[in-house]
There are 2 protein chains.
Amino acid sequence: MVRVAVDAMGGDFAPEEIVKGAVAAATDNEVEIILVGPIATLEAELAKCDVGQLAIRCVEAGEVIREGEPPAFAIRGKPNASIPVAMKLVKNGQADAIYSAGATGAVVAAAVQILGTLEGVERPAAGGTAGFAPNTIVVDIGGTVDCKPYQLLNFAVMGVVQARKLLGIANPTVALLNVGAEEGKGNELVKATYPLLKKSGLNFIGNVEGYDIPTGRANVIVCDGFVGNVLVKFGENLGKALVDWLEVNLKGHLDEAKLEEITNQLIARTNPADVLGGGPLWGVDGAVIVAHGRSQAVHVSRAIAEAKKAVENQVIESLKSELSRVHRSIEQ
Amino acid sequence: MVRVAVDAMGGDFAPEEIVKGAVAAATDNEVEIILVGPIATLEAELAKCDVGQLAIRCVEAGEVIREGEPPAFAIRGKPNASIPVAMKLVKNGQADAIYSAGATGAVVAAAVQILGTLEGVERPAAGGTAGFAPNTIVVDIGGTVDCKPYQLLNFAVMGVVQARKLLGIANPTVALLNVGAEEGKGNELVKATYPLLKKSGLNFIGNVEGYDIPTGRANVIVCDGFVGNVLVKFGENLGKALVDWLEVNLKGHLDEAKLEEITNQLIARTNPADVLGGGPLWGVDGAVIVAHGRSQAVHVSRAIAEAKKAVENQVIESLKSELSRVHRSIEQ
């Protein structure tokens, strides 16, 4: 059984919703859960749940890292906090993956410090679906705001592994996000990245524009983490603004149940991370699922299922071998 | 009467729709139109319209610059094309503004070469409303893809003038687009821009995130032209994807007329440039309205009305004095 270390103390609704979600994941997904936090607290939460014969155990972590603490400092200063303790379980082979809805900066810092980055990777990155195209992953969506061309190449590889292993797309297309379709367009970063992608051996289809994100023109759309972060947040709230507007303007014109169905579907399409509850952090030597701080039990459970899928589909091994193949391609 | 030089040969539906739209503008807006293009062609088009006693005249321009020609080269190589001829009318004081739906790169190159940039401005920029907030202007949306902090400061000033003079907002708030709200967040560019905006004397409210664009958290949101271009195009097609989805999913559940009303309003809110037909190019010494290539008569007419408004509200004089005030502020 896949073993997931769960940071029970991270997130706006920790520990209650995290523990509930972890129990649900163990119930539905045949996954072994290792809850990390103050054991007395964890046991009190577990006592509220129907745990039966589920594979759930607890590991002590007495300290807590709060939102807003300087990440790298917090990890070094609080080695017994739930994030570093859970991360070390992965490092030491006692867990196969970690789930955390704690402060993202702290999770990333702990992942880098404790698991280390993969060969040829400077900084981790995250990919996520954005804006209405369920088979399109934008990467990076927030890890790295000042990027070099080589990093964008790595993001492409990470996106390909995510599309292949988590979305089940056999030969994902890769595109470079740009201000125009023609080769030679763009800022210095994308102009220097284009030839690397062309030479990468990936299924590179060239530049795409902002227009092409919602239409799903490529499975993997590569951009720096500044652009990706702004885009994803813009798309999420544009979806919400539209839904709010529809609720006002369709009220009385549409059956209430239908209106609710429509708005729920639109939120799911425009805010995919809300539905999934989290996504993989790429580039570190271990399976790390980073979740929204506002995660509730249903999100926790889905994200843990995603962690299980990542482990079963051997995403880290796949990323390592794909990175090494691509790095060889561009050196030739 | 405000005199607008109209590039009658630029755009996918030129000259027919451009001439029709210019006639409509003259009819509705008490504006003098100077059509620029091959006179025989223009007169043939005018013969189809009801021009009566309208203030419309033609100026000969025998050459045409096509979409895809290298802009700066095209302007030098074809001095008798409609874009440079119309631009020279502004330069020589024979027109107060220029409207063109021709190749944007060529219009920008002609504006820079013929009108020149304003003091302290390296390159022109464009601002536009984006994603559901009618009182929010994102600037730059595509002129300058590699920016320096000083340029982002100038974009803020351009946005303020646009918000004040074209949207009628007395004291527009200004924000810096970033990946987080706190000062010190972001890439090198925005980190270096923040203190300039703080010192600018503008109504600067700090950083905003992608989330804050659709909610209209600030009247002017400043970003480099790469980010702005990608954002605006993403928002436009996300709006269209949503409307397409609604048309399928609401069919049969909602009265057809109501469905059409709803989808038209949503397109107008998410694709504001489609409605307005074009926007000002900032940073050159003259009033230039750049329009979509796909502009039809209704868009042409609206954009010419916008040109008239820009001239009457003295946007260029206002931009010059505001730039000079802001540059003095940050030098102190």
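Just so we're clear, the structure is a prediction, and the values are computed from it rather than from any experiment.

## Some details on the overall build of chain A
- Each helix and strand in chain A was counted, giving 12 helices and 11 strands.
- The C-alpha radius of gyration of chain A comes to 20 Å, within 12% of the 20 Å expected for a compact globule of 332 residues.
- Counting only residues that meet the buried cut, chain A has 58% of its 332 residues in that class.
- Taking all contacts inside chain A whose residues are at least 6 apart in sequence as the whole, residues at least 24 apart take part in 72%.
- Each charge class in chain A can be summarised by its mean position, and for the 30 positive and 39 negative side chains these summaries are 5 Å apart.

## With respect to the relation of the copies chain A and chain B
- Between the two copies, chain A and chain B, the superposition gives an RMSD of 0.0 Å; the rotation angle is 180° and the shift along the axis is 0.0 Å. The symmetry that links the two subunits is that of a two-fold axis.
- Taken as a fraction of all interface residues of chain A, those also at the interface in chain B reach 100%, which identifies the copy contact as same-surface.

## What about the pairing of strand 5 (residues 125-129) of chain B?
Residues and elements named next belong to chain B.
- Looking at chain direction, strand 5 and strand 10 (residues 278-282) are connected through two bridges and run antiparallel. Paired with alanine 126 across the two strands is leucine 281, which belongs to strand 10.
- Here strand 5 pairs with strand 6 (residues 137-139) via three bridges, running antiparallel. Note that in strand 6 the partner of glycine 127 across the bridge is valine 139.

## Observations concerning the interface of chain A and chain B
- With 43 residues of chain A at the contact, the number on the chain B side is 43 residues.
- Taken together, the two surfaces of chain A and chain B that pack against each other cover about 4,300 Å², and 77% of this comes from carbon and sulfur.
- The interface formed by chain A and chain B contains two salt bridges.
- Salt-bridge contacts for A:Lys233 lead to B:Glu209; the nearest nitrogen and oxygen are separated by 2.3 Å.
- Mapped onto the side of chain A that touches chain B, the elements with two or more residues apiece are helix 7 (188-199), helix 8 (225-250) and helix 9 (256-270) of chain A.

## Description of the pattern of salt bridges
Residues and elements named next belong to chain A.
- Taken as a whole, this structure holds 32 salt bridges over all chains when the rule is applied.
- Residue glutamate 188 pairs with lysine 191 through a salt bridge whose shortest N-O separation is 3.9 Å. Of this pair, glutamate 188 and lysine 191 are both found in helix 7, three residues apart, which corresponds to roughly one turn of the helix.
- The residue lysine 258 makes a salt bridge to glutamate 261 at a minimum N-O spacing of 3.4 Å.

## Notes on the confidence of the model for chain A
- On average, residues of chain A score 94 in pLDDT, and 100% of them are at 70 or above.
- Interface confidence in the predicted complex, given as ipTM, is 0.93; pTM for the same model is 0.94.

## Description of the sheet that holds strand 4 (residues 97-100) of chain A
Residue and element names in this part refer to chain A.
- A sheet is described by the order of its strands in space; here 11 strands give the open sequence 3-2-1-4-11-10-5-6-9-7-8, paired in mixed fashion. Taken across any chain shown, the strands that pair with only one partner, and hence form the sheet edges, are strand 3 (56-60) and strand 8 (203-208). The sheet shows a mean angle of 25° between the axes of neighbouring strands, taken without regard to direction.
- Two strands pair when backbone bridges link them, and strand 1 (residues 3-7) and strand 4 are joined in this way by three bridges, in the parallel orientation.

## A closer look at helix 11 (residues 297-312) of chain A
Residues and elements named next belong to chain A.
- For helix 11, which comprises 16 residues, the first-to-last C-alpha distance of 23 Å matches the rise-based estimate of 22 Å (1.5 Å per residue) to within 8%.
- Residues of helix 11 that are buried: Ala297, His299, Val300, Ser301, Ala303, Ile304, Glu306, Ala307, Lys308 and Ala310.
- Of the residues one or two after helix 11, glutamine 314 is the one with positive phi, at around 50°.

Quick notes on the rules
- Residues numbered from 1 in each chain as written.
- Chains lettered and ligands numbered in written order.
- Predicted model: local features only at pLDDT ≥ 70, side-chain atom pairs only at ≥ 80, totals over all residues.
- Heavy atoms only, no water.
- Helix = DSSP H or I, 4+ residues; strand = E, 2+ residues; numbered from the N terminus.
- Rg over C-alpha atoms; globule rule 2.2 N^0.38 Å.
- Buried < 20%, exposed > 50% of the residue type's maximum accessible area, 1.4 Å probe, protein only.
- Contact = heavy atoms within 4.5 Å.
- Lys, Arg positive; Asp, Glu negative; His and termini not counted.
- Charge placed at Lys NZ, Arg CZ, Asp CG, Glu CD.
- Least-squares fit on C-alpha atoms with pLDDT ≥ 70 in both.
- Pairing = 2+ DSSP bridges.
- Buried area = accessible area lost by both parts, 1.4 Å probe.
- Salt bridge = Lys/Arg side-chain N within 4 Å of Asp/Glu carboxyl O.
- pLDDT = per-residue confidence, 0-100.
- Axes fitted to C-alpha atoms, helices over the stretch in contact; angles between N-to-C directions.
- Expected span 1.5 Å × (residues − 1).

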